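In case you want the letters, here they are:
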Amino acid sequence: MSAKIIDGNAIAKKIKGELAIQAATLTAHDMKPGLSVILVGNDPASQVYVSKKIKACSEVGIESQCLRFSSSVDPSVVLALIHDLNQDPRVHCILVQLPLPTQFNVSEILESISQSKDVDVFHLYNVGALVVGQTVFPPCTPYGVQRILMHEGIVIEGKNVVVVGASNIVGKPMALMLMQQNATISICHAKTRDLAQYTILADILIVAAGKPALIKAEMVKTGAVVIDVGINRLADGSLVGDVDFQAVAEKASHITPAPGGVGPMTVTMLLHNTVQSAQRAFENRDQAWQAHCENDRYHFCHSDLAAENEEVK
Ligand code: NAP
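All figures in this text were calculated on a predicted structure; none of them were measured in a lab.

Re the nonpolar core
Inference 1: Membership of the largest hydrophobic core comes to 51 residues, with the highest contact counts inside it found for Leu35, Leu149, Ile206 and Ile227.
Inference 2: When residues in this core are grouped by element, the largest group, 8 residues, is from helix 10 (residues 262-312).
Inference 3: Once residues lying within four places of it in the same chain are set aside, the contact partners of Leu149 are Ile154, Ile156, Leu178, Ile204, Val225 and Ile227.

In C-alpha cells, the structure reads:
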C-alpha cells in the first residue's frame, strides 16, 4: 500500500478562504476580528512563531497586534496589560507566547486571560470544560488534526485511536476530543513499556512526542491513518516529524508529512478561533441591540397607550 499524503497546506488554504469571507462580513458590521499576542523576551523560535501568526492574521483580515516586552519585564506589567486586553472589545482573543522567562508564574498569567478570549485553551476553566466537551474554543493543534480527519472523510466513531505523547497542549486534549467522538483511545508517553504493542493496534495513530523517527513501519498496522504532529530540527537544519515517513507511507492508508501537515492547520485554527470569538461578540451585540429595541418598543407602546388613556379621560 502507498498512503495518500495529506496536504495540510491545501486544507489550511481552503479554510483560510472561508475565514477571510467571514472576517470581511464581520468587519462590514463593525466587528473586525482582533487577536493580541504577547511576546516576552528574545527566544528566536518564539519570534518566528509569532511573526507567522501575525502574518496569517493579515491574510484573512484579522486585526492583530504583537505586544513585546524585554525578558526582564516585571510580571505585574504583563498582568496589567492582560487585564486591559480582557476589557477591550476590539480584542477577541489573547495569546501569550510560551515559554516565559523564569520570573513569571506561568499559571498566574494563563489564568488571568478571560476564559472567553483564551484562544489556546490554557485557562483551567477551559481545560476542565474540555473534559465535558464544552470549551469556549477547541485547542488549536488537536482541532487542526480533527479538521484534517474530517476533511479526509475518516470516520472516528468506534476506531482504535492511539495518541503517542501526553502533553497538556497536544496529546491530552487530542485524546479527549476524539473520545468525545466515540473513538477508543490509548495514550502513550515516554514511560510506556513496549510502545509498538499499542501503536500496532491503531486504526488512527497520532504522534506528538518530539522524537525523530520514533514510529517505524513495523509499529504501524497496514491501512492505518497516521498523523504526525512532531516537528524536530535535525543537526543539518532540516525539519522532520516523529514518523519514519518514507517507510510508514508504504503501509499506511493516509499520512501527514512534517512539515506541511499539521503545522499549517495549527495556525489556521488560531485564526478560526479568533473569527469565531468575533462572531460570538457580534451575535451578543446583535441580541443586546434587539433586546434594547424590544425594550424601546415596549416603552413606546406603553407611552402611546398612556397618551391614548389621557385622551379618553
Ligand atoms: P512535550 O510537551 O515535550 O510532550 C511530549 C510528549 O511525548 C510527552 O508526553 C512525553 O512523555 C512523550 N514522549 C517523549 N518521548 C517519547 C517516547 N520515546 N515514546 C513515547 N512518548 C514519548 O511536547 P509537545 O508540546 O506535546 O509537542 C510534541 C511534538 O509536537 C514536538 O515535536 C512539537 O514541536 C510538536 N508540535 C507541533 C505542533 C504543530 O503545529 N505541528 C504543535 C505543537 C507541538 P512524558 O509525558 O512521559 O514525558
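The rest of the description comes next.
Here's the deal with the pairing of strand 5 (residues 160-164)
Inference 1: Taking burial as the measure, the 5 residues of strand 5 include 4 buried ones, the bulk of the element.
Inference 2: By the bridge criterion, 5 bridges tie strand 5 to strand 6 (residues 184-188) in an arrangement that is parallel. Bridge pairing in strand 6 places Asn160 opposite Thr184.
Inference 3: Read from strand 5 through helix 7 (residues 171-179) to strand 6, the crossover connection turns out right-handed.

As for the layout of surface pockets
Inference 1: The calculated volume of the second largest pocket comes to roughly 310 Å³.
Inference 2: Together, 16 residues line the second largest pocket, and Val121, Phe122, Val127, Asn168 and Ile169 are the ones closest to its centre.
Inference 3: Counting only elements with at least two residues in the lining of the second largest pocket, the list comes to helix 4 (106-112), helix 5 (124-131) and helix 7.
Inference 4: A class-by-class count of the residues in the lining of the second largest pocket yields 11 nonpolar, 2 polar and 3 charged.

Focus on the sheet that holds strand 11 (residues 254-255)
Inference 1: Across the sheet, 6 strands lie side by side as 1-11-8-7-5-6; this open sheet has parallel pairing. One side of each edge strand has no neighbouring strand; the edge strands of this open sheet are strand 1 (4-5) and strand 6.
Inference 2: In the sheet, strand 1 pairs with strand 11 via 2 bridges, with the strands oriented parallel. Residue pairing across strands places Ile5 opposite Ile255, the latter belonging to strand 11.

The rules behind the values
Residues numbered from 1 in each chain as written. Predicted model: local features only at pLDDT ≥ 70, side-chain atom pairs only at ≥ 80, totals over all residues. Heavy atoms only, no water. Core = buried A, V, L, I, M, F, W, Y, C linked by side-chain atoms within 4.5 Å. Buried < 20%, exposed > 50% of the residue type's maximum accessible area, 1.4 Å probe, protein only. Helix = DSSP H or I, 4+ residues; strand = E, 2+ residues; numbered from the N terminus. Contact = heavy atoms within 4.5 Å. Pairing = 2+ DSSP bridges. Right-handed = clockwise from strand over helix to strand, strands pointing away. 1 Å grid on protein atoms, 1.4 Å probe; cavity = no way out; pocket = protein on both sides within 12 Å on 5 of 7 lines; lining within 4 Å. Points joined across faces, edges and corners; volume = space filled by probe spheres on them. Nonpolar A, V, L, I, M, F, W, Y, C, P; charged D, E, K, R; others polar.

In short, the description is geometric, and any link to function would need to be established separately.
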